[in-house]
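The primary structure of each chain is shown beneath.
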Amino acid sequence: MHSNRQRCTVVLALLLVMALVTPNASFALLSGLADPVAAKAANNCQKQIGKAGEKFMKNKQKKLNKCLSAISKCIQTKELAKQADCVGKAALKCDKDLAKIFSKDEVKIEADIVKKCGIPGKIGVTELLDPDGLDFMSLDDFCAKDIGVTLNGVDDIAECIRRDKECTVERLFRIQYPRALELLDNAGVAGGILANLTCLMGSAGTNDGFGDTDPKGAGKAVEGCSKEAKKAGAKFVSAKVKSMEKCLGEVFKCVQTKQGDQGCIDKATGKCAKEFGAGGKIEKAEAKLRSSILKKCGPEKATFSDLTSAMGLNLADLTTVCDGLGVSSLTDVNDYIECMVLQHCALVDDVVAHQFPRITELLGEVGLAPTPTPTPTPTVTPTVTTTVTPTVTATATMTATVVPTPTATPTLVPGICGDGSLNTGEACDPNDPSMPQCPNAGNGLQDCNVDCTCSCPSMVIFEADPNDPATVLDTGFSGFAHGSKIVGEGTVAVSLTGGSSGTAGLRDPDCGVMTIGGPLNNPLAGAGQMDAFRCSIDSSITCSLDSDCPATETCEIYFGSRLPLSAGGVSACVTNRFTAAIVGTANIETGASANTVSIESEVVVGPSVEKPCDNCIGDLLVNDGSRDGTCDTGTRAGLACDVGGVSPFPAFNGSPFGSPNDICTGAGAPIACCSGTGTGSCLNGTSLDCPQSPAGANTGVLPINLSNSTGTESLTVQATGPTCTAFGFGAATCICDTCATAAAEPCNKDADCPGAIAGSCGGPRCTSGGSFGAACTLPGSIFDPLCHAHCTGPGTPEACCTGAGTGIACSPCSNPGEPTKPNPCLSGMCTAGVCTDVSNGYCGPTESFRGCFVDSDCPFPGDTCTFLDQPCFDDNGVVGGTIEATGAPDVPINDNSSPTLASTFCVAPVAAAAINTATGLPGAGRVTLKGLAEGF
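Along each chain, residues carry numbers from 1 onward, in the same order as the chain's sequence is written. Given that this is a predicted model, residues contribute local features only at a pLDDT of at least 70 and side-chain atom pairs are listed and counted only at 80 or more, while totals for whole chains, interfaces and linings are drawn from all residues. The side-chain values count all of the structure's non-hydrogen atoms but skip hydrogen atoms and water molecules.

A. Up close: the overall build of the protein. From N to C terminus, the protein includes 17 helices and 29 strands. Type-normalised accessible area, obtained with a 1.4 Å probe on protein chains alone, sets the label of each residue: buried when under 20%, exposed when over 50%, and partly exposed for intermediate values. Put simply, the protein has 936 residues, and 54% of those count as buried. Note on areas: these come from Shrake-Rupley sampling with a 1.4 Å probe, and a residue is covered only by the protein chains present in the view. A total of about 36500 Å² of accessible surface is found on the protein, and carbon and sulfur atoms cover 58% of it. Here a strand is any run of E in DSSP of at least two residues, a helix any run of H or I of at least four, and the numbering for each starts at the N terminus.

Structure, rendered in C-alpha cells:
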C-alpha cells in the first residue's frame, strides 16, 4: 500500500514543535573541546567535511545520471539499426566522464578534508576521535567492518567518509534506475570503471528497450520518466543533505565555539525549524520529488506496465526491495514514489549521521531526535578503490595544451542538423560524408555532436621525448648528476574540463582556457601505453582497486617506468608514483599550460654504474600488454615481463652491444637475438614488471615538490633560506636543504617547513633516540641538551650517552645528507652553468654518464674520454640568486602540440651516503621536458 504522507520529517517536526514551545527547556548543554583553538579548528573541519562531501555526491550523481540517460535514450528512442552506434558513442563518453570520479573527484574530497582536519598545532587525530570533538571513534567499528578502513589518522577518516558517500550515491540508483548496472555492463563501459562501482546493484538484463518496437510511444514515455526519476531524486538528496548539514552544523558550532551559550542553542533551534519543521525545506523537497515524478511517470505519460517491464524501467525487479522498506506491493506509480522516498530518506539519514558522529546528541540539544526510517537491504560493503595520498605540495608534471586551428569552412546553406549538409551555424553534420566529422579535432576521435557542434578535447596525453636536447634533468649541487636522461614511453593522461566557449565543452569556435585534472590511466593502457595502475610493492601486479593487491599493499598510480640514473660512479634506480591530484590549466588556443602535481620517488642503489635497474630482456613491443620478455635479475628474475620504458643509454636497457632495439639478422647476432633464435627483433629496457632488488638497498622515498609550466620556472636563494653547512661556506646561503623535523622535508626557506619556525630550514636535528627529529643547537655534538632530554640519573647527560645513566640514549645533533654548498667550484663561483676551475673526464658521445681518465675507461665502441668543465647551478649562494628552467608553449594544430615543460624544485637526501656525496643532496633540481601532447 502507498501513502502520500511526508515520510522524512514527521517525527522530527513533532519534536521540534515541543522545543519551540519551550525554547529554554532544560536540555544539558553538550561539551566541546577545552582548547578554544582546537574547538574552532574542529568546527572548521566538520564544516569542510560537509562541504566537500556534498560536492562529491552531487558531482558523482550528475556524472552517473548523464551517462545512464545517454545509454537509455539510445535503447528507448532510437531505431534498432541506429542503437549500436548510439550506445557505443555513449559508452565512450561514459568512460571519460566516469573515470574522472576515480581519478579526480575521489582525490579531491579526501584532500579537501585532510587540508582542514589535520592542521598541526590546531587539530589532529586526537580531536577527531575525542567524544568532545568530532567523536569519529564512535564510527571505528562501522569504518572497519562496513567500509574496510581502520581509523588511525585523518587520512583514514577522510577515506571512510569518501567511500561511504560514494557507496550511498550508487545505492540511490537501485530505486532511481533499477537497470543502471545492466545498461552500463551491456553497453561496454570499461571493466575498470564497473569494478569501481562496487555498490551499484541490479539484475542482469538484455539491454533491450522500446526503440525496436515503439520508440515514439512507450520508449519516449519510459525515457522521460527515467530521466525525471534520476533528476528529481538527485535534487531531493542534495536538498535534504544541505538541510541536515545546516541544522547540525549550527548546533555543532555552538557546542565548540560558544560553549554554554543557551542563546546560541536557541538560535540554532530556530534555524533547524526552518529545515525540519512543518512546511520546512525538507518537507518541501519531498513534496517536489513526489510531484515531479508523478508528472512525468503518471498514467497520463506512461503506463505502469511499461515502467515495470524489463524493457522499460524494470520496476518489477524492486518488489522485494520496496517490501523491505515498508511498501508491500508495487501496483502503481505512487507505490514506486513511496519506495523511492523511503529509500532516499534512509540513505541520506545514514550518510549524514556518518559525517556527524554526534548526530543524536546534537539533535537532542535542539529538542530533536533522528527520524527512524527503514534501512534498504541488502547492505553492500564497498571495496577499496584506488587512492592517492597527498604528500608534498604541488608537483609539476606532464600536461600540455592542445588547441584547434580553424580550417576553411564550406559554403553554408539553410537547413537543419542531420540533413546531410553543412548549414549556417553548424560546425559539422553527422550525415555529410564529404567533410570530416570535426575538422579540427585531434586524432579523429571527437565526433560530431547531435546538435552539429564539435566538442573541445576532454583528455590530453603527454609523452616526453628523452632524445630531444631540450629534455634534461639536473639534480644536486655537485654537478655530476646534471644532464641526466629520462626514459621514454612515460605517457601521462589528464582530463580537460570547462573552457571559455559559449557552450560548456563546445568549440565556439575556440575552447580557451580549460582545467586540467588527473592523473588518469593511459587510454591505451597495455595497447601501446603503460598500464599505470600497479600495486605499491609488487608493481608487476596491475590493479584497479586496493583489493586487487596483496593485503599489505595498495593500488597506486605510477609515473612512467623505472628511471635508471648514474653519476659520479654511483647508480640508482628510481620509481615514481603520483601522490595527489594533478591540478592546472591549459590554454587550448596558445598552448600555454601550468600545473601542480605531487610525486614520490623511491630510490634504490643500483648494482653497477652501467646497470642501475633490473631489466626486461627480449621483449617484442613496448607496453603492448604482452609479457614476451624476461626479467634478467631481481625478485622476478627469469619471469615474464613487458618493457615499459627505454633509456637513450643502451647499457641502461641491458643492451651493451647495440642500440636499445637490437635487430637480429641471423643466429647468434648481435646477442643471440636475446633468446638465441637468431630471428626477428628484440627489445630491452626497464619495466614495472621487474621490481627492483635487493629490497635492502632501498634508500628511502623522496617527496618531490614540483610546479611546472610552459614559461620560465625559477628557484631563488632566500633571506630566510638555509645557511650552507660545508666547511668554508658558512657565509653563504644555500638554495635548498631540509627542515629540522623528523620527516626532514626538502625546503628552500623557513616558510616551507611545518610551523614556519625561524631557522628550521637547514637547522640541525636529533638523529635518533627519544628526541628524534627535534631541533637542536650543537651540530656535530652528541651532548646537545635537546637530544638527551630523555636521560636521567647521575652523570647525565654525558654518562647517559656512554651507558652509565638511565633512560633513552643520547643521539647526535646533525644535518642529514651531504654538507651543503652552492656548487663544486674551487672559487665558489659558477659562471654560465659551469665551473671554469674544475674539470672532469666524461665518456662520449654515447655513454656520457660514465666518468673517465683515459680512452680505455670508455668501453662502448666509438666512445672517447673528454675533459669538460664541471656543470653547476649558478645561484652562487647569494641571496637573490636564482636557478631557472625555461619551458616553451607550442600552438596546437588539430589538438596536437609539442610543448616544453619546465620545473625547479628541492630534493632531500637519501639514506645512502654514496648517492648523497656523488649527487650533492640535499640540493636543487631542475628539469625540462620536450614532448608530444595529444588531445582527445
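After that view of the structure, there is still more to cover.
B. Quick look at the pairing of strand S29 (residues 923–935). When you tally the buried positions in S29, you get 10 out of 13 residues, the bulk of the element. Here, any two strands with at least 2 DSSP bridges between them count as paired. Bridge count between strand S1 (residues 459–464) and S29: five bridges; the pairing is antiparallel. Looking across to S29, one finds that Ile461 is bridged to Glu934. For strand S2 (residues 472–475) and S29, the ladder comprises four bridges, and the chain directions are antiparallel. By the bridge assignment, Asp474 is partnered in S29 with Arg926. Looking at chain direction, strand S27 (residues 896–897) and S29 are connected through two bridges and run antiparallel. In the sheet register, Asn896 faces S29, and the bridge partner there is Glu934. Both strand S28 (residues 900–907) and S29 contribute to a ladder of eight bridges, which runs antiparallel.

C. Main features of the state of the cysteines. Note that a disulfide, as used here, is simply two cysteine sulfur atoms within 2.5 Å. In total, this model carries 23 disulfides according to the counting rule given. Paired by a disulfide, Cys322 and Cys339 hold their sulfur atoms 2.1 Å apart. The S-S bond linking Cys322 to Cys339 shows a torsion near -95°; that makes this disulfide left-handed. In this pair, Cys322 sits in helix H13 (residues 319–324) while Cys339 sits in helix H14 (residues 333–355), placing the two residues 17 residues apart along the sequence. Overall, Cys322 belongs to the buried group, its relative accessible area being 0%. Judged by relative accessible area, which is 0%, Cys339 ranks as buried. Note that Cys573 is cross-linked by a disulfide to Cys613, the S-S spacing being 2.0 Å.

D. Representation of empty space enclosed by the protein. Within this scheme a cavity is a closed region of a 1 Å grid, computed over the protein atoms alone, that accommodates a 1.4 Å probe without allowing it to escape, whereas a pocket is open but has protein on both sides within 12 Å along at least five of seven lines; lining residues each have an atom within 4 Å of a point. Grid points are joined across faces, edges and corners, and a volume is the space filled by probe spheres set on the points. The tally for this structure, following the rule as stated, stands at eight cavities of 30 Å³ or more. Looking at the largest cavity, it is lined by 42 residues, and the ones nearest its centre are Leu473, Leu563, Leu565, Val574 and Asn576. Those elements that place two or more of their residues in the lining of the largest cavity are S2, strand S7 (563–567), strand S8 (570–578), strand S10 (593–605), strand S16 (698–709), S28, helix H17 (913–919) and S29. At five residues, the largest contribution of residues to the lining of the largest cavity is made by S8. Note that Gly is not counted as nonpolar here; it falls among the polar residues with everything else outside the nonpolar set of Ala, Val, Leu, Ile, Met, Phe, Trp, Tyr, Cys and Pro and the charged set of Asp, Glu, Lys and Arg. When grouped by side-chain class, the residues that make up the lining of the largest cavity number 28 nonpolar, 14 polar and no charged.

E. Looking closely at unusual backbone geometry. Going from Gly518 to Pro519, the amide bond is cis rather than trans, its omega being 5°. Examined against the element boundaries, Pro519 turns out to sit in strand S4 (residues 513–520). Cis peptide bonds are those with omega within 30 degrees of zero, and the linkage from Leu921 to Pro922 qualifies with 10°. Tracing the chain through its elements places Pro922 in the loop between H17 and S29.

F. Up close: helix H3 (residues 80–117). One less than the residue count of a helix, multiplied by 1.5 Å, gives the span that helix is expected to have. Over its 38 residues, H3 runs 53 Å from end to end, which matches the ideal 56 Å to within 8%, given 1.5 Å per residue. To obtain the bend at a residue, axes are fitted to the seven residues ending there and to the seven starting there, and the angle between these axes is taken. Within H3, the axis deviates most sharply at Ile101, by approximately 35°.

G. Molecular detail of helix H11 (residues 281–297). If you check H11, its first and last C-alpha atoms are 24 Å apart, about what 17 residues at 1.5 Å a residue would give, namely 24 Å. Of all the residues in H11, the buried ones are Ile282, Ala285, Glu286, Leu289, Arg290, Ser292, Ile293 and Cys297. Down the axis, H11 shows its buried residues gathered within 165° of arc, on one side only. Exposed residues on H11 whose side chains face more than 90 degrees from its buried face are Lys284, Lys288 and Lys295. In what follows, residue pairs with any heavy atoms lying within 4.5 Å of each other are defined as contacts. Summarising the contacts, the buried residues of H11 are in contact with helix H9 (215–257), helix H10 (262–276), helix H12 (304–308) and H14. Here, the arc refers to the directions that run from the helix axis to the C-beta atoms.

H. Structural context of the side chain of Asp105. With respect to the element layout, Asp105 can be found in helix H3. Overall, Asp105 belongs to the buried group, its relative accessible area being 10%. Within the structure, the side chain of Asp105 is placed 2.9 Å from the side chain of Lys63, a separation counted as a polar contact. Non-local contacts of Asp105, meaning those with residues more than four positions away in its chain, are made with Phe56, Asn59, Lys63 and Lys100. Polar contact criterion, stated in full: a pair of N or O atoms within 3.5 Å, where within protein one must be able to donate a hydrogen and the other to accept it, and residues adjacent in sequence count only if both atoms are side-chain atoms.

I. How the structure looks around the nonpolar core. Residue types Ala, Val, Leu, Ile, Met, Phe, Trp, Tyr and Cys, when buried and joined through side-chain atoms within 4.5 Å, form a set referred to as a nonpolar core. With 115 residues, the main nonpolar core has Ile71, Leu134, Phe136, Leu184 and Leu307 as its most contacted residues. Broken down by element, this core gets its largest block of residues, 16 residues, from H9. Here Ile71 is in contact with Ala90, Cys94, Leu183, Leu184, Ala187 and Val189, once residues within four sequence places are set aside. In this structure, Ala572, Phe578, Leu706 and Ala908 belong to the second largest nonpolar core, which totals 47 residues.

J. Just the pattern of salt bridges, in detail. Any Lys or Arg side-chain nitrogen located within 4 Å of an Asp or Glu carboxyl oxygen qualifies as a salt bridge. Enumeration according to the criterion identifies 29 salt bridges in this entry. Where Glu106 meets Arg162, a salt bridge forms, and the shortest distance between an N and an O atom there is 3.6 Å. Of this pair, Glu106 sits in helix H3 while Arg162 sits in helix H6 (residues 154–176), and the two are 56 residues apart along the sequence. The pair formed by Glu106 and Arg162 is uniform in burial state, with each residue classed as buried.

K. Structural view of the packing of H3 against H6. One can describe the packing of H3 onto H6 by two numbers: an axis separation of 9 Å at closest approach and a directional angle of 140°. Comparing the axis directions of H3 and H6 gives the class oblique. Crossing hand, H3 versus H6: right-handed. Residues Glu106, Ile109, Glu110, Ile113, Val114 and Cys117 of H3 lie in contact with H6, whose contacting residues are Val154, Asp155, Ala158, Glu159, Ile161, Arg162, Lys165 and Glu166. Residues of the contact of H3 with H6, tallied by class, amount to seven nonpolar, no polar and seven charged. Angles shown run from 0 to 180 degrees and are taken between the N-to-C directions of axes, each axis being a line fitted to C-alpha atoms and, for helices, limited to the stretch in contact. Roughly parallel covers angles under 35 degrees, roughly antiparallel covers those over 145, roughly perpendicular covers 65 to 115, and oblique covers all other angles. Crossing chirality is assigned from the near helix's rotation relative to the far helix, an anticlockwise turn below a right angle marking it left-handed and a clockwise turn marking it right-handed.

L. Structural context of the packing of aromatic side chains. Any Phe, Tyr or Trp ring, taking Trp's six-membered ring, that has another such ring centre within 6.5 Å forms a pair; planes under 30 degrees apart are called stacked, those over 60 apart edge-to-face, and the others tilted. As enumerated under the stated definition, the model contains four aromatic pairs in all. Their ring planes at 75° and their centres at 5.1 Å tell us that Phe649 and Phe652 sit as a pair that is edge-to-face. Here the two residues Phe649 and Phe652 agree in accessibility, since each one is buried. With a centroid separation of 4.5 Å and an interplanar angle of 40°, the aromatic rings of Phe652 and Phe849 are classed as tilted.

M. Structural detail: the packing of H9 against H10. Packing of H9 against H10 brings their axes to within 9 Å, and their N-to-C directions diverge by 175°. Taken together, the axes of H9 and H10 lie roughly antiparallel to each other. When H9 is examined against H10, the residues Ser243, Met244, Lys246, Cys247, Glu250, Val251 and Cys254 are found in contact with a partner set consisting of Cys264, Ile265, Ala268, Lys271, Cys272, Glu275 and Phe276. Tallied by class, residues from the contact of H9 with H10 come to nine nonpolar, one polar and four charged.

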